[in-house]
Amino acid sequence: MGERTALRARVAEGLVAVTAAEDTIAASDPEEMLAVIRRHRPPTLVIDRDHPRARQMLDLVEGLHVRERPLTIVIVPDSAEPPIGARVIVHAAVLDQAMKLVDRVVAIDLARPPALDRMLGVTLLGGPLDQALDTVAAQLASAFGVDRCVLSIRGDSAGGAASGTQTWDSLAWSSTADHCRAAAMTGATVVAPAANRSAGCESYLAVPLGNGGFLALVVERARIYSREQHATMHAVAARLSTEIGWRTAHQRTVDELERQTSSPGIDPLLGVWNRMAMSQLAVMQVSAARRTNTSLVAVVVDVVSLAGINTRHSLEAGDRVLRRIVDAIRVSVRAEDVVGRWAGDEIAVLLPATSIEGAERVAQRFQSAFAARPLELSSGEVLPIEATVGLAALTAGEDAEAFVGRAAWTAKRAETTISIARASTGPSPRFSDSDLRVDLAPSFGGAYRVLHEISRGGMGVVYRAEDLALERPVAIKMLRPDLAEDTSFVEGLRKEAAILARLQHPNLVQIYNFGQSGGDSYFVMELVEGEGLQQAFARHRVEDTSMPLPELMQVVEQIASALDALHERGVIHRDIKPANIIRDPFQNRSVLVDVGIARRYGQFVEGAGTPGYCAPEVIVGGEATARSDVYGLAATAYTLLTLSPAWGEGEGVLARQCAGEPPPVPSMHRAELEAIDEVMMSALATDPVDRPASAGAFARALRAAAAPLLAPQQRDESRWQGHTILPSRSRIAPTTRGVVFRSVTRALGVRDGERLRDAIGGTHPELARAITDAAPLSWLPTEMLTTLLALVPDHLDRERTQLARDIARAAVRASFRRFFPASAATLVPERTLSAIRGVWARYQSWGVVTSMPVQPTETVIRIVNTLRDPELCAWTSGMLEQLVVLSGAKNPVVDHEGCEARGDNECLYRVMWQ
């Protein structure tokens, strides 16, 4: 009776208990089987779904005490509605493969997933929704040790993700979705035939996500999932549901703003159909193609890294790239083809009565046109037009949005070496909320014009905007809709905003306003330009350099001062990390931003903070104090000093933080940091009592410990120390940055630069070395520059004054972004020139510089104590011209109205632009 054939025969009878000895006991009715269960305590109960009293048997088992309850397996036909109450559901087609589950019930996996802390870090806030879903699916599959994870936010393949290399067709997705829904509805393990129609089977565990969606684990064999795994999946799904819900609500807000500001019509920037018009025209084209039984192909052109172009070269350059692409497309299509903007960086073309092969030839013409017309920037740089192209042919039953969306999805993911790609057939891809960007800038709260998104975080989205009343740039942080609906939370936040708005501190981002509009709650803050420490961390890693200790000490002391000011008013920041500290080069300051989760002492809040920087007591739900912010500041300093986060990266960060073991001391990464090991370890202590009592105390202790390290680093460490002969008459002789000397070759060209170097190498070897080997950040005597400018006409047909201007332009182009790592999207000439003192000090050590704005497009620069050299005045004019160009303006004019070299009391430069 223990043989499998006997078991299969008895399953047909309806109710079968499998004892520990692998014997089977059949019963004709539920009451009899209940008595068998209580008498023999069988580990497994197998029920035929078609048994007339199967439902009653399941109810009786559910009423048993959990210790008496056997593992319940229900056998169902493929098309049967899954029963509620079973632990395992097995499709009849794979009954043979599932029989081993009965043999090895004791092998049920009861362990918690090994990477649960990684799931705690899962968030959908870090980028486009589709990419975030892919990341979540891959992390969950790895954490649970399954073959793949299927995540659907709407119950279909257009709104979800799957880990692994699974390729879906319509039948495979339909089968998988059915099994996932069955598992989500019943809470049971579902063992069913493989979705790829192979001979194998797959085991599913799923939980609902709301709105018809689900989160599922899939193993390509027969397996029973544990109750622990099912409970963990519910916890993860609850978090995902909340985050997906507010992302969806945010997208509806954006769509509403778009409907208010962009009625169907022409895109004002590009002169083609805008997003809403294209959506309606796509519906009409799809309807016409079906009515006439003709083909229809969508071609979507996606600009490669438009955001990067905007950041590096300005928003105007990005707009010019889009216009150049549209111009090339319009001359390559027919009159009946429809061209319009599908998203911020995507141009869609609908080709009626065209085959996919014909559309591919059209796409090749697009690419040839792009390559033939690169964009020439005002700086002289040539920017190639790079774009990927996705093609999709209309399929039966497909709506217009999904049809064009497939082409857009394919263009977005086309490999860089394959710029034209055809979309796969089958279910349409999911759409990213980033693919539905606002075409026109809406106003927010009636007072602010939203320009573009800056970043996302745990509390909401930050936008760059313009204050329409005061005509100043601002940052707007819009809260997550689920938080905005909590009236008590919003009221508490408003009170905290009032406290922060009254707190004037140069190293703390200024809060201008806190308001509500259409159900949305938002902060209006100072827009801080510069490089975030997280970006600096990434840059130093790529360049294999370290942040100088004096520079880091200045950052720590300034942020400590801001934190002490917060703490004095009873406010805890709670999220100190590199990404929340920006270095503003224009005002030579470090600024603490993102005060969105700051709270008063003792105020209960939901968990917040960033793994690796959030203090352990906050992670476990304890109260955040000033010492919690000290921990975050120390962890930030550790990361920048060592180029390695204190608690490492990847999975396990939270577990390592809370385990009580200290991180490696900084000197294990950089031996010279041994002097600060003790201070850093104290600030990173697990117990808050062991940390410095205030951020200022930590900064002072760090300064004292690092004192022996600071003095050597304050000397000039450039490689030019051994080659430069400084004038003996003064230790503070006027000096010029090495990048200016290195820019001589850029201004002359390679051939003339080599001729000059060879010509002066015998008589002025130090000058020859300077124009080729000077370290860009080194300081050399300015008299070397004046000597060089005087020598050039003797060897080359170059006018000294014009050459001085050209050298200045080349030097600023080569170094401005490094000296001033601000976003090009936020730079404007008046702000750059208002900070001219800091700009000037990056290139010259002499002269006292001030500025005075005259009009919105005109500023006067005053310099005294110059070297009274006309070539250096010409150099200054060239520098000012290039600063204006790199700050986003056109046609700069510099009028040198007063000149100390001509006998005036001061040098005056009137700078004008368009």
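This is a predicted model, so every value here is computed, not measured. (Residues numbered from 1 in each chain as written. Predicted model: local features only at pLDDT ≥ 70, side-chain atom pairs only at ≥ 80, totals over all residues. Heavy atoms only, no water.)

## Looking at the pairing of strand 31 (residues 848-855)
Consideration 1: The pairing of strand 31 with strand 32 (residues 858-864) spans seven bridges and is antiparallel. The residue bridging Pro853 from the neighbouring strand is Thr859, located in strand 32.
Consideration 2: The loop that links strand 31 with its antiparallel partner strand 32 comprises two residues. (Pairing = 2+ DSSP bridges. Helix = DSSP H or I, 4+ residues; strand = E, 2+ residues; numbered from the N terminus.)

## Focus on the side chain of Ser332
Consideration 1: Considering the arrangement of structural elements, one finds Ser332 in the loop between helix 11 (315-330) and strand 12 (338-343).
Consideration 2: Sequence-distant contacts of Ser332, defined by excluding residues within four places in its chain, comprise Val362, Arg365 and Phe366. (Contact = heavy atoms within 4.5 Å.)

## Topic: unusual backbone geometry
Consideration 1: Of note in this structure, Leu643 is not a glycine but carries a positive phi near 60 degrees.
Consideration 2: You can see Leu643 is positioned in the loop between helix 19 (626-642) and helix 20 (653-658).
Consideration 3: Of note, Asn865 is a non-glycine position whose phi angle comes to about 60 degrees, a positive value.
Consideration 4: Within the secondary structure layout, Asn865 lies in the loop between strand 32 and helix 30 (870-886).

## Points about the nonpolar core
Consideration 1: If you look at the biggest cluster of nonpolar residues, it comprises 74 residues, and the most contacted ones within it are Leu633 and Phe698.
Consideration 2: Considering each element in turn, this core owes the most residues, eleven residues, to helix 17 (residues 549-568).
Consideration 3: Sequence-distant contacts of Phe698, defined by excluding residues within four places in its chain, comprise Val556, Val630, Leu633, Ala634, Val679, Met680, Ala683 and Pro692.
Consideration 4: Grouped together as the second largest cluster of nonpolar side chains are 53 residues, Val744, Val792, Ile807 and Val911 included. (Core = buried A, V, L, I, M, F, W, Y, C linked by side-chain atoms within 4.5 Å. Buried < 20%, exposed > 50% of the residue type's maximum accessible area, 1.4 Å probe, protein only.)

## Some thoughts on the side chain of Arg809
Consideration 1: When you line up the elements, Arg809 lands in helix 27 (residues 800-819).
Consideration 2: Polar contacts involving the side chain of Arg809 include one to the side chain of Asp806, which spans 2.8 Å.
Consideration 3: Setting aside anything within four residues of it in sequence, one finds Arg809 in contact with Gln802, Gly878, Glu881 and Gln882. (Polar contact = N/O pair within 3.5 Å; in protein donor to acceptor, adjacent residues only side chain to side chain.)

## Structural notes on the pattern of salt bridges
Oppositely charged side chains are able to pair whenever their charged atoms sit close together.
Consideration 1: Using the criterion set out here, one finds 23 salt bridges in the structure.
Consideration 2: The salt bridge involving Glu220 is made with Arg148; its shortest N-O contact spans 3.2 Å. One end of the pair, Glu220, is in the loop between strand 10 (213-219) and helix 8 (227-261); the other, Arg148, is in strand 6 (residues 148-152), and 72 residues separate them in sequence.
Consideration 3: Judged by relative accessible area, which is 49%, Glu220 ranks as partly exposed.
Consideration 4: The shortest N-O distance in the salt bridge between Glu858 and Arg910 comes to 2.6 Å. Linking Glu858 in strand 32 with Arg910 in strand 34 (residues 907-912), this pair joins segments that are 52 residues apart in sequence.
Consideration 5: Given the relative accessible area of 23%, Arg910 is considered partly exposed. (Salt bridge = Lys/Arg side-chain N within 4 Å of Asp/Glu carboxyl O.)

## Details of the environment of Leu633
Consideration 1: Secondary-structure assignment places Leu633 in helix 19.
Consideration 2: Looking at Leu633, the relative accessible area reads 2%, which means it is buried.
Consideration 3: Separated by 66 residues in the primary sequence, Leu633 and Ala699 have C-alpha atoms spaced 9.4 Å apart.
Consideration 4: Non-local contacts of Leu633, meaning those with residues more than four positions away in its chain, are made with Val556, Ile559, Ala560, Leu563, Ile576, Ala695 and Phe698.

## Overview of the sheet that holds strand 12
As a general point, the strands of a sheet are linked pairwise by backbone hydrogen bonds and lie either parallel or antiparallel.
Consideration 1: The mixed open sheet is built from five strands, whose spatial order is 12-13-11-16-17. Edge positions in the open sheet fall to strand 12 and strand 17 (420-422), since each of these has one partner strand only. Adjacent strand axes in the sheet meet at a mean angle of 25 degrees when their direction is disregarded. (Axes fitted to C-alpha atoms, helices over the stretch in contact; angles between N-to-C directions.)

## Quick notes on the packing of aromatic side chains
Consideration 1: According to the stated counting rule, one finds four aromatic pairs in the structure shown.
Consideration 2: Summarising the aromatic geometry, the rings of Trp840 and Trp846 are spaced 5.1 Å apart at their centres and angled 85 degrees between planes, so their arrangement reads as edge-to-face. With respect to burial, Trp840 and Trp846 carry one shared label: buried.
Consideration 3: Between Trp840 and Trp875, the ring centres sit 6.2 Å apart and the planes meet at 80 degrees, which makes this aromatic pair edge-to-face. Of this pair, Trp840 sits in helix 29 (residues 836-841) while Trp875 is found in helix 30, placing the two residues 35 residues apart along the sequence.
Consideration 4: For Trp840, a relative accessible area of 3% corresponds to the buried category. (Phe/Tyr/Trp six-rings, centres within 6.5 Å; stacked < 30°, edge-to-face > 60°.)

## Brief notes about the confidence of the model for the chain
Low-confidence regions, as indicated by low pLDDT, have predicted coordinates that should not be scrutinised in detail.
Consideration 1: On average, residues of the chain carry a pLDDT of 77, and 77% of them reach 70 or more.
Consideration 2: Per-residue pLDDT stays below 50 along residues 428-442; that stretch engages in 62 contacts with residues further than four places along the chain or on separate chains.
Consideration 3: Here residues 712-731 is modelled with pLDDT under 50, and outside its nearest four sequence neighbours on either side it reaches 31 contacts, counting other chains as well. (pLDDT = per-residue confidence, 0-100.)

## Quick look at helix 26 (residues 782-795)
Consideration 1: The terminal C-alpha atoms of helix 26 lie 21 Å apart, and with 14 residues this matches the ideal 20 Å at 1.5 Å per residue to within 8%.
Consideration 2: The set of residues buried in helix 26 consists of Thr782, Met784, Leu785, Leu788, Leu789, Leu791 and Val792. (Expected span 1.5 Å × (residues − 1).)

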